[in-house]
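# Inside the fold
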Amino acid sequence: MPQPEREHSPAVHPAHPAPPHPHSATLRRLEKSSGRLAANAIARMDETLSWYRAMPPENRSWIGLVAQAGIAAFTEWFRHPETPQAISTDVFGTAPRELTRAITLRQTVEMVRTTIEVMETAIDEVAAPGDESILREALLVYAREIAFATAQVYAQAAEARGAWDARLESLVVNAVLSGEADEGALSRAAALGWNSPEHVCVVLGTAPEGDSELTVEAIRRAARHHKLQVLTGVLGDRLVVIAGGSDNPMQVAKSLIGPFAAGAVVAGPVVPDLLNATKSAQAAAAGLKACTAWQDAPRPVLADDLLPERAIASDPAAREQLVEEIYRPLEEAGSALLETLSVYLEQASSLEGAARMLFVHPNTVRYRLRRVTDVTGWSPSDVRSAFTLRIALILGRLADGDPQS
């Protein structure tokens, strides 16, 4: 009898087994030795690296995990040398991000070098007979890759810190310019390395076109060269520098003027600390605005040298400063000084003319004018100073004539 026809099912072919590793014996021995190699690497670090011995236990334990991960990653890399391995993730991903702050790049390089040296000394013991050169070459290639991975990790950490520091610095600079500097601004500045210098001033000018980061870095280089601390940033078209460490604002401005674009550069007065830097910033900003009225202004120029222009431009701080620092001291010194100065200025700075109007000898006028210089710091015989003194007299009389003053 004919046999019933059987249904044929599709043939199932067994999966092809993976080809054996060409150096399977070495791979097995490497896997078995990984724990011992990691322990030897940690022992070598403890013996040769003083910074490792001085670290807190938590950080030493993280370094131990990194060393173990590095050896495990080499084992996996040796198993599949043709497959790109994410070495930075495999090795450094076991440690927290904070470890890059606790351990410098130099220390990390020493740690990696020590681990590689321990592995290299164990090649003859770990490699199967005949595989010594293969394992040694693989370790050399792996060492190159781990070096690149180390540089990448620290570069990424530096970029992240740089971006965060730039945001912090911008917050501090904005707080100072807006008059909102407080303890929070001090904390942010401290995080940026600001160590509360005794003398602080603000320098303002026009920012150059192009990459603002390059401008900021140029300011920092100049500050380091002149041993100044700075907090700086580009806000719109303005380049702002908060400088600490010098009681001479003109010298500070000259030291940092290189990165500024063409145009006026104004230095505010020195204040005792960062919390008071708003006063310096506001004076510098008012001076920068009024500087166009003084066509022959030096570059850089002090905000206090622009007091008359600032007063005419409705800067209340400048008006108050002119009255309180020039008019009031002259008033307190006696009416003779105020009268003599007023007549001298009205007589086109003529000693003889003032003497005739006052019915005194020219030497008396000369003596009183020297007293004016001693009291105010401004010399009536200097054209620029005479202009400042004239504005101060006008503002003082207006203040005295104001029934609300």
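Residues numbered from 1 in each chain as written. Predicted model: local features only at pLDDT ≥ 70, side-chain atom pairs only at ≥ 80, totals over all residues. Heavy atoms only, no water.

Once that is clear, we can look at the sheet that holds strand S5 (residues 301-302). Across the sheet, 5 strands lie side by side as S2-S3-S1-S4-S5; this open sheet has mixed pairing. The open sheet has two edge strands with one neighbour each: strand S2 (229-235) and S5. Looking at chain direction, strand S1 (residues 200-206) and strand S4 (residues 265-267) are connected through 3 bridges and run antiparallel. By the bridge assignment for S4, Leu-204 is matched with Val-266. Most of the contacts of helix H12 (residues 277-290) go to S1, to which it runs at about 30 degrees, and overall it touches S1, strand S3 (238-244) and S4. (Pairing = 2+ DSSP bridges. Helix = DSSP H or I, 4+ residues; strand = E, 2+ residues; numbered from the N terminus. Contact = heavy atoms within 4.5 Å. Axes fitted to C-alpha atoms, helices over the stretch in contact; angles between N-to-C directions.)

The tally for this structure, following the rule as stated, stands at 12 salt bridges. Between Glu-309 and Arg-384 there is a salt bridge, with the nearest N and O atoms lying 2.6 Å from each other. A residue pair is termed long-range when its members are at least 10 positions apart, and Glu-309 in helix H13 (residues 307-312) and Arg-384 in helix H18 (residues 383-401) qualify at 75 residues. Residue Glu-346 is joined to Arg-390 by a salt bridge in which the shortest nitrogen-to-oxygen separation is 3.6 Å. On the criterion of sequence distance, the pair formed by Glu-346 in helix H15 (residues 335-346) and Arg-390 in helix H18 is long-range, its members being 44 residues apart. Arg-390 gets classed as partly exposed once you look at its relative accessible area, which sits at 32%. When salt bridges with common partners are traced through the structure, they connect Glu-31, Glu-76 and Arg-79 into a single cluster. (Salt bridge = Lys/Arg side-chain N within 4 Å of Asp/Glu carboxyl O. Buried < 20%, exposed > 50% of the residue type's maximum accessible area, 1.4 Å probe, protein only.)

Quick look at the pairing of S2 now. In this structure, S2 lies alongside S3, joined through 7 bridges in antiparallel fashion. Within the sheet, the bridge partner assigned to Gly-233 lies in S3 and is Val-240.

Our focus in this paragraph is a negative patch on the surface. Where like charges cluster on the molecular surface, the negative patch consists of Glu-320, Glu-324, Glu-325 and Glu-332. Note that Glu-324 resides in helix H14 (residues 316-333). (Patch = residues over 30% accessible without salt bridge, like charges linked within 9 Å, V, L, I, M, F, W, Y side chains within 5 Å. Areas by Shrake-Rupley, 256 points an atom, 1.4 Å probe, with all protein chains shown as cover. Lys, Arg positive; Asp, Glu negative; His and termini not counted. Charge placed at Lys NZ, Arg CZ, Asp CG, Glu CD.)

Unfilled space is identified by rolling a water-sized probe across the atoms. Inspection of every chain in the model, using the stated rule, returns 2 cavities of 30 Å³ or more. Its volume calculated, the second largest cavity comes out at about 50 Å³. Lining the second largest cavity, in full, are Leu-30, Leu-37, Phe-74, Met-119, Ala-122, Ile-123, Val-126, Leu-135 and Leu-139. Counting only elements with at least two residues in the lining of the second largest cavity, the list comes to helix H1 (24-48), helix H7 (123-126) and helix H8 (132-178). The residue makeup of the lining of the second largest cavity, split by class, is 9 nonpolar, no polar and no charged. (1 Å grid on protein atoms, 1.4 Å probe; cavity = no way out; pocket = protein on both sides within 12 Å on 5 of 7 lines; lining within 4 Å. Points joined across faces, edges and corners; volume = space filled by probe spheres on them. Nonpolar A, V, L, I, M, F, W, Y, C, P; charged D, E, K, R; others polar.)

Bringing unusual backbone geometry into the picture now. Arg-299 connects to Pro-300 through a cis peptide bond whose omega is 0 degrees. You can see Pro-300 is positioned in the loop between H12 and S5. Phi is positive for Ser-196, which is not a glycine, with a value near 55 degrees. Following the sequence through the fold, Ser-196 ends up in the loop between helix H9 (183-191) and S1. Judged by its relative accessible area of 55%, Ser-196 falls in the exposed class.

To continue, consider the environment of Pro-298. Examined against the element boundaries, Pro-298 turns out to sit in the loop between H12 and S5. Linking Pro-298 and Val-265, residues 33 residues apart in sequence, is a C-alpha distance of 8.9 Å.

A word on the pairing of S3. Counting buried positions along S3 yields 6 of 7 residues, so the element is predominantly enclosed. Relative to S3, S1 runs antiparallel, the two being bridged by 7 bridges. Bridging across to S3, Thr-206 finds its partner in Arg-238. Counting the residues that bridge the hairpin from S2 to S3 gives 2 residues, and of these Gly-236 lies at a positive phi of roughly 65 degrees.

This part covers the packing of H1 against helix H3 (residues 57-79). Two numbers describe how H1 lies on H3: the axes approach to 9 Å, and their chain directions differ by 155 degrees. Compared by their axis directions, H1 and H3 come out roughly antiparallel. Once H1 is placed against H3, the crossing between them reads as right-handed. Contacts between H1 and H3 involve Thr-26, Leu-27, Leu-30, Glu-31, Ser-34, Leu-37, Ala-38, Ile-42 and Met-45 on the former and, on the latter, Ile-63, Gly-64, Ala-67, Gln-68, Ile-71, Phe-74, Thr-75, Phe-78 and Arg-79. Grouping the amino acids of the contact of H1 with H3 by side-chain chemistry returns 11 nonpolar, 5 polar and 2 charged. (Parallel < 35°, antiparallel > 145°, perpendicular 65-115°, else oblique. Left-handed = near helix turned anticlockwise from the far one by under 90°.)

All right, on to the side chain of Thr-340 then. Secondary-structure assignment places Thr-340 in helix H15. Judged by relative accessible area, Thr-340 falls into the buried class, the value being 0%. Once you skip the residues sitting within four places of it in the chain, Thr-340 turns out to touch Leu-358, Val-365, Arg-368 and Leu-369.

All right, on to the nonpolar core then. Ranked by size, the top nonpolar core spans 33 residues in total, and within it Met-45, Trp-51, Ile-63, Phe-74, Met-111, Leu-135 and Tyr-142 carry the most contacts. When residues of this core are traced back to their parent elements, those giving at least two are H1, helix H2 (50-53), H3, helix H6 (105-121), H7 and H8. Ranked by residue count, the leading element in this core is H3, at 8 residues. Ignoring anything within four residues of it in the chain, the contact list for Ile-63 reads Ile-42, Met-45, Trp-51, Tyr-52, Met-55, Ile-103 and Met-111. Core analysis: the second largest hydrophobic core is formed by 28 residues, Leu-322, Tyr-327, Leu-330 and Leu-393 among them. (Core = buried A, V, L, I, M, F, W, Y, C linked by side-chain atoms within 4.5 Å.)

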